Amino acid sequence: MKKIIILGSTGSIGKQTLEVINKDKNKFKILLLSTDKNINLISKQIKNFKVENVVVTNKKKYKILKKKFKKIKIFPDFKKIDKKLKVKADYAMSAISGIEGLRPTINIIKKTKRIAIANKESLICGWSFIQKELKKNKTEFIPVDSEHFSIWSVIKDYKKSDIEKVILTASGGPFLNKKIKKNVSPKDAISHPNWTMGKKISIDSATMMNKIFEIIEAKKIFNLELNKFEILIHPKSYIHAIVKLKNGLIKIIAHDTDMKIPISNSIYMGNNNKNFIKSKKIDINILNSLNLQKVRIKKYPVIKILNRITKKESLFDTILVAINDELVKLFLENKIKFLDISSKIWHLINLPLFSKFRHQKPKNLAQIEKLNEFVRLKTSSLSVISKQK
Ligand code: NDP
Ligand code: MG
């Protein structure tokens with residue numbers, strides 16, 4: 001039986017990971033699941049999968065769940081989780097949203113032979129720490145963001161010097177062919193044309209910040225220079241990445257818009273289990289109308305942030321993630337407008353208060369977490385002040 005851990009099992013990626021596992025339930029044993037506050041759903045997951053250990057990070061909800069399930073272990077956080085779990089897992093999925101996923105991801109690397117990481121904020125802000133922990137524990141890493149899984153599936157068989165160009169595709173989000181009105185509601189911005197995802201990443205798709213993050217993510221995990229990457233709009237999201245090799249080959253990686261494809265591959269890959277996913281037939285209509293387009297800076301002003309990305313890992317990555325996280329939160333709470341997200345990010349990253357961190361290498365996780373809190377507080381107060389003006 002394969003032993004499984006899922007961080008963020010009540011989220012979009014977490015639920016889809018359990019859907020994949022549910023299809024062949026007898027082959028898996030769930031060691032650990034986690035949620036922030038969705039104890040209704042995790043209660044069902046506990047019963048359905050006979051889970052032994054659960055983390056609930058929201059204090060109130062933790063107390064309620066602890067009273068409800070007396071026979072299993074329920075923890076309020078991920079502290080020393082590696083000591084609390086008695087056995088090592090075969091596979092862990094890291095799918096907590098936001099930078100809060102970083103420490104749990106690092107802690108769980110010790111307790112698993114393979115880790116699939118969806119939580120892009122961890123990869124962006126703490127890749128060097130993740131990488132160190134992967135090496136130390138000989139844990140295999142598979143990226144599951146669809147673009148990164150596609151790129152990885154091609155370039156794992158090549159040397160870095162064989163790669164000429166890597167293109168990441170972007171759907172363009174819900175406003176690709178629409179004028180973005182001043183009073184766009186969170187509901188409008190969340191309704192992604194191709195994917196059903198968590199709220200935060202859906203907003204990032206609408207602004208194109210998601211693609212900026214994905215370039216930083218790809219640059220780090222594949223150890224390639226920034227100028228090797230390009231973004232192209234592809235409204236149907238059938239193609240996820242295009243890799244141009246120096247030998248003249250261009251590899252185009254396509255799959256249905258279903259995250260269960262990268263997820264199930266990350267679970268079953270290398271296990272000689274060829275029939276783990278029943279995908280649809282190749283869609284010739286989509287292939288005949290790929291409609292690849294350059295990104296228009298006027299429509300997606302955040303694209304100019306690409307010029308600000310630092311060559312080496314720096315605290316700038318944490319600043320960018322934190323500013324955007326806070327602005328998206330303010331937008332979801334109707335405290336700022338949709339178009340403010342892009343303009344405020346640009347304004348804020350250029351403030352000396354933040355830009356002074358551009359060439360500082362992160363020293364440890366605590367520094368990243370502290371900086372994240374500081375930047376979020378400042379972003380919130382600065383955004384409210386400028387709104388009152
Ligand atoms: P969701 O918002 O749907 O789920 C997030 C999960 O993390 C939930 O289980 C949530 O618990 C938990 N969580 C949230 N905040 C905290 C916290 N502070 N501490 C502990 N747990 C917390 O997100 P997604 O599944 O959409 O995304 C997860 C990650 O994967 C993100 O980093 C995203 O960028 C990335 N990703 C997602 C894709 C997708 O298709 N959804 C595609 C590619 C990458 P609760 O349910 O209680 O809120
Ligand atoms: Mg993606």
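Each remark here, short or long, concerns the structure printed above.
Model, not experiment: these values are computed from the prediction. (Residues numbered from 1 in each chain as written. Chains lettered and ligands numbered in written order. Predicted model: local features only at pLDDT ≥ 70, side-chain atom pairs only at ≥ 80, totals over all residues. Heavy atoms only, no water.)

### Concerning the packing of aromatic side chains
Part 1 of the reasoning: All chains considered together, the criterion is met by six aromatic pairs.
Part 2 of the reasoning: Here F175 and F338 contribute two aromatic rings whose centre-to-centre distance is 5.2 Å and whose plane-to-plane angle is 70°, an arrangement assigned as edge-to-face. On the criterion of sequence distance, the pair formed by F175 in the loop between β8 (163–170) and α8 (186–190) and F338 in helix α14 (residues 338–349) is long-range, its members being 163 residues apart.
Part 3 of the reasoning: Take F175: its relative accessible area is 5%, and that puts it in the buried class.
Part 4 of the reasoning: A network of ring pairs unites the aromatic residues F175, F331 and F338 as a single cluster.
Part 5 of the reasoning: Its end group placed over the ring of F49, K25 keeps NZ or CZ at 5.6 Å from the ring centre. (Phe/Tyr/Trp six-rings, centres within 6.5 Å; stacked < 30°, edge-to-face > 60°. Helix = DSSP H or I, 4+ residues; strand = E, 2+ residues; numbered from the N terminus. Buried < 20%, exposed > 50% of the residue type's maximum accessible area, 1.4 Å probe, protein only. Lys NZ or Arg CZ within 6 Å of the ring centre and 35° of its normal.)

### Describing the nonpolar core
Part 1 of the reasoning: In terms of nonpolar packing, the biggest core is built from 91 residues, with L320 and I345 touching the most fellow members.
Part 2 of the reasoning: Among the elements that make up this core, the one with the highest residue count is helix α13 (residues 316–332) (ten residues).
Part 3 of the reasoning: Ranked by size, the runner-up nonpolar core spans 31 residues in total, among them I21, L33, L65 and A116. (Core = buried A, V, L, I, M, F, W, Y, C linked by side-chain atoms within 4.5 Å.)

### Topic: the pairing of strand β3 (residues 53–56)
Part 1 of the reasoning: On β3, burial covers both faces: N53 and V55 on one face and V54 and V56 on the other are all buried.
Part 2 of the reasoning: Looking at chain direction, strand β2 (residues 28–35) and β3 are connected through four bridges and run parallel. In the strand pairing of β3, S34 is matched with V55.
Part 3 of the reasoning: Sheet topology places β3 next to strand β4 (residues 73–75); three bridges connect them, and they run parallel. Among the inter-strand pairings, N53 is bridged to a residue of β4, identified as K73.
Part 4 of the reasoning: At this point the chain moves from β3, through helix α3 (residues 59–68), to the parallel β4, and the crossover so formed is right-handed. (Pairing = 2+ DSSP bridges. Right-handed = clockwise from strand over helix to strand, strands pointing away.)

### With respect to the coordination of the magnesium ion (ligand 2)
Angles at a metal have ideal values that depend on geometry: 109.5 degrees with four tetrahedral donors, 90 or 180 degrees with six octahedral donors.
Part 1 of the reasoning: Protein coordination at the magnesium ion (ligand 2): the donors are D145 (OD), E147 (OE) and E214 (OE), at 2.1 to 2.2 Å from the metal.
Part 2 of the reasoning: The motif formed by the donor residues of the magnesium ion (ligand 2), counted along the single chain, is D-x1-E-x66-E. Separated by 67 residues along the polypeptide, E147 in helix α7 (residues 146–155) and E214 in helix α10 (residues 209–221) bring together distant segments of the chain.
Part 3 of the reasoning: A relative accessible area of 7% places E147 in the buried class. (Donors = N, O, S within 2.8 Å, 3.2 Å for Na, K, Ca; no water.)

### Looking at the site of ligand 1
Part 1 of the reasoning: In the neighbourhood of ligand 1, 24 residues make up the surrounding shell, with T10, S12, T35, K37 and E121 lying closest.
Part 2 of the reasoning: A distance of 3.0 Å separates an oxygen atom of ligand 1 from a polar atom in the backbone of N38.
Part 3 of the reasoning: Between ligand 1 and T57, the relevant distance is 3.4 Å, taken from a nitrogen atom to a side-chain nitrogen or oxygen of the residue.
Part 4 of the reasoning: Protein chains shield 85% of the accessible area of ligand 1, which is 900 Å² for the free molecule.
Part 5 of the reasoning: Counting only elements with at least two residues in the shell around ligand 1, the list comes to α1 (12–22) and α6 (120–137).
Part 6 of the reasoning: Its residues placed into classes, the shell around ligand 1 shows seven nonpolar, eleven polar and six charged. (Near = heavy atom within 4 Å. Polar contact = N/O pair within 3.5 Å; in protein donor to acceptor, adjacent residues only side chain to side chain. Areas by Shrake-Rupley, 256 points an atom, 1.4 Å probe, with all protein chains shown as cover. Nonpolar A, V, L, I, M, F, W, Y, C, P; charged D, E, K, R; others polar.)

### Here we look at the sheet that holds strand β10 (residues 239–245)
Part 1 of the reasoning: Strand order in the open sheet made by the five strands is β11-β10-β8-β9-β12, with mixed pairing throughout. The two strands at the open ends of the sheet, each matched to only one other strand, are β11 (250–254) and β12 (293–294).
Part 2 of the reasoning: Here β8 pairs with strand β9 (residues 229–233) via five bridges, running parallel. Counterpart to V166 in the pairing with β9 is F229.
Part 3 of the reasoning: This element, α7, spans β8, β10 and β11 of the sheet and lies at about 35° to β10. (Contact = heavy atoms within 4.5 Å. Axes fitted to C-alpha atoms, helices over the stretch in contact; angles between N-to-C directions.)

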